[in-house]
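Chain and residue survey
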Amino acid sequence: MKDMVVMVKDFSKQYGGVTAVDGISFTVKEGEIFALLGPNGAGKTSTLECLEGIRKQDGGTIRILDVDPAAEPGKLPQLVGVQLQQAALPATIKVEEAIKLFSAYHGIKPRFDLLERLGLQDKMQQTYQSLSTGQKRRLALALAVAHNPKLVILDEPTAGLDVQSRVTLHQVLRELRDAGTTIILSTHDMAEVESLADRVAIMLKGKIVASGTPRELTATGNGLTKISVRATGQSLLQNGFAGVVKATVQDDYRIYYSSDPGAAVCEIIARINEAGEELEDLRVERPSLEERFLELTQEVH
Ligand SMILES: Nc1ncnc2c1ncn2[C@@H]1O[C@H](COP(=O)(O)OP(=O)(O)OP(=O)(O)O)[C@@H](O)[C@H]1O
């Protein structure tokens, strides 16, 4: 069985009178990409900062590989790689100097290979302030993972990145995961979670309102599959297909939301054939995380 890398139990965090995190619990296993997904103010950053030992929790237990971050912060830097926020490096430090500095801190050889992997090999002599947002984030990731930490914590690693930088960053994160690194990240982006995360916890107003694999989360809730179909005749205008609870028309398409999509698709095709019509297009989309997220948000409000 894989080792538990992170254990969070009944964790809470307040700022003055504001409860930012309200008694959440989760665990993360070795070699998992775990996402905290939630809107602004949900408590994601507060959670990550307590895991990093930057802030102290007000209640509950946090353990990272059996270390209590609040009690033994000195043990964390070797175990945990943290992606620095934008302003954390001096404006005039060069990329090469930053890599050397961090490598010296961890007592390792400079990892210039990571710069190449992250497309920064031509930027070695550029100052930090002259890098674009995407380049700064890629450098921050290189600095976070250079010493092969067991856990990497990333706060919205792809926010504001273009598609290419985002794809590269996702690839690097998957490679790290496949090599056994555990990754916790926060994000607003549901598509990112669906394509990248092994497990996700949805946070709303300081609580975890749902958790599981992205597939498990989309299978809960109303779980309706969307079937969009276009045919040459009028036979589809009459509904009555298996498990369909809602039907609409959009452009030339009839759209059905069904709890039994396999049977519904068979019946739709049979109806078109019986009517002697032609099937022009058929699309089946399983419920998305976005739909589940919106459902949950409405439940909480
Ligand atoms: N230093 C602070 N002082 C006072 N309140 C804070 C502080 N940091 C966060 N909060 C409050 O705690 C709540 C949770 O904030 P947090 O930054 O953890 O959420 P988040 O999910 O990371 O949001 P975002 O996606 O906007 O970064 C918010 O209501 C926020 O205003």
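What counts, and where the lines are drawn
Along each chain, residues carry numbers from 1 onward, in the same order as the chain's sequence is written. In view of the model being predicted, local features appear only for residues whose pLDDT reaches at least 70, and side-chain atom pairs are presented and counted only at 80 or more, with totals across whole chains, interfaces and linings using the full set of residues. Only hydrogens and water are set aside when side-chain values are computed; all heavy atoms of the structure are taken into account. Cavity and pocket criteria rest on a 1 Å grid covering protein atoms alone: a 1.4 Å probe that fits but cannot get out defines a cavity, protein on both sides within 12 Å along at least 5 of 7 lines defines an open pocket, and an atom within 4 Å of a point defines a lining residue. Grid points are joined across faces, edges and corners, and a volume is the space filled by probe spheres set on the points. A run of H or I in DSSP becomes a helix once it reaches four residues, and a run of E becomes a strand once it reaches two; helices and strands are each numbered from the N terminus. In this classification, Asp, Glu, Lys and Arg are treated as charged, Ala, Val, Leu, Ile, Met, Phe, Trp, Tyr, Cys and Pro as nonpolar, and every other residue, Gly included, as polar. Note on definitions: salt bridges are taken to be side-chain nitrogens of Lys or Arg within 4 Å of carboxyl oxygens of Asp or Glu. Note on exposure labels: buried denotes an accessible area under 20% of the residue type's maximum, exposed denotes more than 50%, and partly exposed covers the range between, all computed with a 1.4 Å probe on protein chains only. Residues are classed as near a molecule or strand on a simple rule: at least one heavy atom within 4 Å of it. Polar contact is defined as a pair of N or O atoms within 3.5 Å, subject to the rule that within protein one atom must be able to donate a hydrogen and the other to accept it, and that residues adjacent in sequence are counted only when both atoms are side-chain atoms. For the area figures, the Shrake-Rupley method with a 1.4 Å probe applies, and any residue is considered shielded solely by the protein chains shown. Throughout this description, the term nonpolar core refers to a set of buried Ala, Val, Leu, Ile, Met, Phe, Trp, Tyr and Cys residues connected via side-chain atoms within 4.5 Å. Domain start and stop positions are those given by an automatic or database domain assignment. Only heavy atoms enter the contact rule, under which two residues are in contact if any of them lie within 4.5 Å. Helix axes use the C-alpha atoms of the stretch in contact, all axes being lines fitted to C-alpha atoms, and the angles between their N-to-C directions lie in the range 0 to 180 degrees. Roughly parallel means an angle under 35 degrees; roughly antiparallel, over 145; roughly perpendicular, 65 to 115; everything else is oblique. Buried area is a sum: the accessible area each of two parts loses on coming together, probed at 1.4 Å, counted once for each and added.

This part covers the layout of surface pockets. If you add up the space inside the largest pocket, you get close to 420 Å³. What lines the largest pocket is a set of 18 residues, among which Val-80, Gly-81, Val-82, Gln-83 and Leu-84 lie closest to the centre. Elements with a minimum of two residues in the lining of the largest pocket: helix H2 (76-79), strand S5 (80-82), helix H3 (95-106) and helix H5 (133-145). Looking at side-chain class alone, the lining of the largest pocket contains ten nonpolar, five polar and three charged residues. Approximately 250 Å³ is the volume found for the second largest pocket.

So, on to the pattern of salt bridges. Inspection of every chain in the model, using the stated rule, returns 16 salt bridges. A salt bridge links Arg-199 to Glu-32, with the nearest nitrogen and oxygen atoms 2.7 Å apart. Here Arg-199 is found in strand S8 (residues 199-204), whereas its partner Glu-32 is found in the loop between strand S2 (18-29) and strand S3 (33-37), with 167 residues between them in sequence. With a relative accessible area of 9%, Glu-32 lands in the buried category. Here Arg-166 makes a salt bridge to Glu-192, at a shortest N to O gap of 4.0 Å. Taken together, the positions of Arg-166 in helix H6 (residues 163-178) and Glu-192 in helix H7 (residues 190-196) put the pair 26 residues apart, joining distant regions of the chain. Note on accessibility: Arg-166 and Glu-192 belong to one class, buried. When salt bridges that share partners are traced, they join Arg-166, Asp-189 and Glu-192 into one network.

Time to look at the site of the ligand. Taken together, 13 residues lie around the ligand, and Asn-40, Gly-41, Lys-44, Thr-45 and Ser-46 are the ones closest in. Contact distances for the ligand include 2.8 Å between an oxygen atom and a side-chain N or O atom of Asn-40. At 2.8 Å from an oxygen atom of the ligand is found a side-chain nitrogen or oxygen belonging to Lys-44. The fraction of the free accessible surface of the ligand (640 Å²) that becomes covered by protein chains is 61%. Ranked by the residues each element gives to the shell around the ligand, the list is headed by helix H1 (residues 44-51), at three residues. Its residues assigned to classes, the shell around the ligand comprises four nonpolar, six polar and three charged.

By size, the foremost hydrophobic cluster in this structure holds 43 residues, and its most contacted members are Leu-37, Leu-115, Leu-139, Leu-141, Leu-173, Ile-183 and Leu-185. A domain split of this core shows at least three residues from each of domain 1 (4-219) and domain 2 (225-300). For Leu-115, the residues in contact, after removing those within four places along its chain, are Val-95, Ile-99, Leu-120, Gln-121, Met-124, Leu-139 and Ala-142. Phe-34, Leu-36, Val-80 and Ala-201 belong to the second-largest nonpolar core, a separate cluster that totals 26 residues.

Quick look at the packing of H5 against H6 now. Between two packed helices, the angle of one axis relative to the other and the distance separating the axes together describe the packing. Close contact between H5 and H6 brings their axes to 11 Å; oriented N to C, the two are set at 10°. As the angle between them shows, H5 and H6 are arranged roughly parallel. On the side of H5, the interface is formed by Arg-138, Leu-141 and Val-145, while H6 contributes Ser-165, Leu-169, Val-172, Leu-173 and Leu-176. Taken together, the residues of the contact of H5 with H6 sort by class into six nonpolar, one polar and one charged.

Looking at the assigned domains, one finds that the chain contains domain 1 (4-219) and domain 2 (225-300). Here the C-alpha centre of domain 2 lies 40 Å away from the C-alpha centre of domain 1. Together domain 1 and domain 2 conceal approximately 1200 Å² of surface at their shared face, both sides included; 77% is due to carbon and sulfur atoms. On the domain 1 side of the interface with domain 2, the three residues burying the most area are Met-190, Leu-204 and Thr-218, jointly 43% of the side's total. Where domain 1 packs against domain 2, one counts zero salt bridges. Summed over the shared surface of domain 1 and domain 2, the result is two residue pairs in polar contact (both at pLDDT 80 or more). Secondary structure elements with two or more residues in the side of domain 1 that touches domain 2: H7, S8, strand S9 (207-212) and helix H8 (214-219). Here the side of domain 1 that touches domain 2 gets four residues from one element, more than from any other, and that element is H8.

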